[in-house]
Amino acid sequence: DSWGGPFNGQQFRKKMFDDIEDIFLFKDIFETGTYHGTTTAHFTEKSNASIFTVESSARNYGYCAARFRKHDKIYLFKGDSREFLQQQLDQRAHSEAPIFCYLDAHWLDDLPLLEECKILLDKNVPAVIMIDDFEVKGDPGYTFDDYGAGKRLCLEYLSPLKKDQLSVFFPNCLSANETGERRGSVVLGTKHCVSEKIRTAASLTEYVEGLGC
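What comes next is a walk through the structure. (Residues numbered from 1 in each chain as written. Predicted model: local features only at pLDDT ≥ 70, side-chain atom pairs only at ≥ 80, totals over all residues. Heavy atoms only, no water.)

**Things to note about the environment of Tyr 63**
Phase 1: Here Tyr 63 shows up in helix α4 (residues 58-67).
Phase 2: Separated by 27 residues in the primary sequence, Tyr 63 and His 36 place their C-alpha atoms 6.9 Å from one another. (Helix = DSSP H or I, 4+ residues; strand = E, 2+ residues; numbered from the N terminus.)

**Focus: the sheet that holds strand β2 (residues 50-55)**
Phase 1: Taking strand neighbours across the sheet as the criterion, the eight strands line up as β3-β2-β1-β4-β5-β7-β6-β8 in an open arrangement whose pairing is mixed. Pairing within the sheet leaves two strands with one partner each, and these edge strands are β3 (74-78) and β8 (204-206). Each strand of the sheet is rotated relative to its neighbour by a mean of 20°, with strand direction disregarded.
Phase 2: With five bridges joining them, strand β4 (residues 99-103) and strand β5 (residues 127-132) adopt parallel strand pairing. By the bridge assignment for β5, Leu 103 is matched with Ile 131.
Phase 3: The strands touched by α4 within the sheet are β2 and β3, with β3 carrying the most contacts at an inclination of about 160°. (Pairing = 2+ DSSP bridges. Axes fitted to C-alpha atoms, helices over the stretch in contact; angles between N-to-C directions. Contact = heavy atoms within 4.5 Å.)

**A closer look at the side chain of Glu 21**
Phase 1: Mapped onto the fold, Glu 21 is located in helix α2 (residues 11-24).
Phase 2: Of the buried charged residues, Glu 21 lacks a salt bridge, with Lys 46 as the closest side chain of opposite charge at 6.8 Å.
Phase 3: Among residues more than four places away in sequence, those in contact with Glu 21 are Phe 26, Lys 46, Ser 47 and Asn 48. (Buried < 20%, exposed > 50% of the residue type's maximum accessible area, 1.4 Å probe, protein only. Lys, Arg positive; Asp, Glu negative; His and termini not counted. Salt bridge = Lys/Arg side-chain N within 4 Å of Asp/Glu carboxyl O.)

**As for the pairing of β2**
Remember that side chains alternate between the two faces of the sheet whenever the strand is regular.
Phase 1: Along β2, six of the six residues are buried, which leaves the element largely enclosed by surrounding structure.
Phase 2: Neither face of β2 is open: one carries Ser 50, Phe 52 and Val 54, the other Ile 51, Thr 53 and Glu 55, and all of them are buried.
Phase 3: One ladder, built from five bridges, connects strand β1 (residues 28-32) with β2; its direction is parallel. What sits directly across from Thr 32, in β2, is Val 54.
Phase 4: Once the chain exits β1 it traverses helix α3 (residues 38-46) before rejoining the sheet at β2, and the crossover so formed is right-handed.
Phase 5: Bridge analysis of β2 against β3 gives five bridges, and the strand direction is parallel. Residue pairing across strands places Val 54 opposite Phe 77, the latter belonging to β3.
Phase 6: Once you follow β2 into α4 and on to β3, the crossover reads as right-handed. (Right-handed = clockwise from strand over helix to strand, strands pointing away.)

**A short note on the nonpolar core**
Phase 1: Counting residues in hydrophobic clusters, the biggest one holds 62 residues, and the most contacted among them are Ile 20, Phe 100, Val 128, Met 130, Ile 131, Leu 158 and Val 187.
Phase 2: In terms of residue count, the dominant contributor to this core is helix α6 (residues 113-122) (six residues).
Phase 3: Among all residues touching Val 187, those that are not within four sequence positions of it are Met 16, Ile 20, Val 128, Ile 129, Met 130, Ser 167, Val 168, Phe 169, Ile 198 and Leu 204. (Core = buried A, V, L, I, M, F, W, Y, C linked by side-chain atoms within 4.5 Å.)

Below, the structure written as structure tokens:
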């Protein structure tokens, strides 16, 4: 498996998702950045949700199209993650069922993460958002993406978002106790009803200072 398995081979990150899934029992999961589909495959093993995933690379898309050709719960798209989210969420404009979004489409010159989050907030959907490659506040042992000025994946990067609409959670695990690549992550809850449920997950701890700190 690429990167050592689902979620970069990180067993505690896997537990974070599994805990969240146990709480919400999602009907729909959205993933930006399919890559080789390793984490996508885990979604199908843990959840009964329909998985909607988008990949911009033609090579990776072709690989995953072959890998998942017999999976009737995985819907693979090729294209831009922002357009993908816009289209998919427009189709669910009146749904109140919480969704899970795994945002991992950031790579080198293109950094769609902030726009992806803005789309999710503008659509006003109840969502649990997990972002890969993100700085974990207070634990430098977790690595994260830093593409230069204004492109460092940290809470400050997300500060333009509407702070009153988001709750912030980090792994309740020291990086020294994580496995695999030890890449950082953050989990965001978009509505009060969603955040209240996330708070019951023992694998997550809330960062009460919010965004931009």
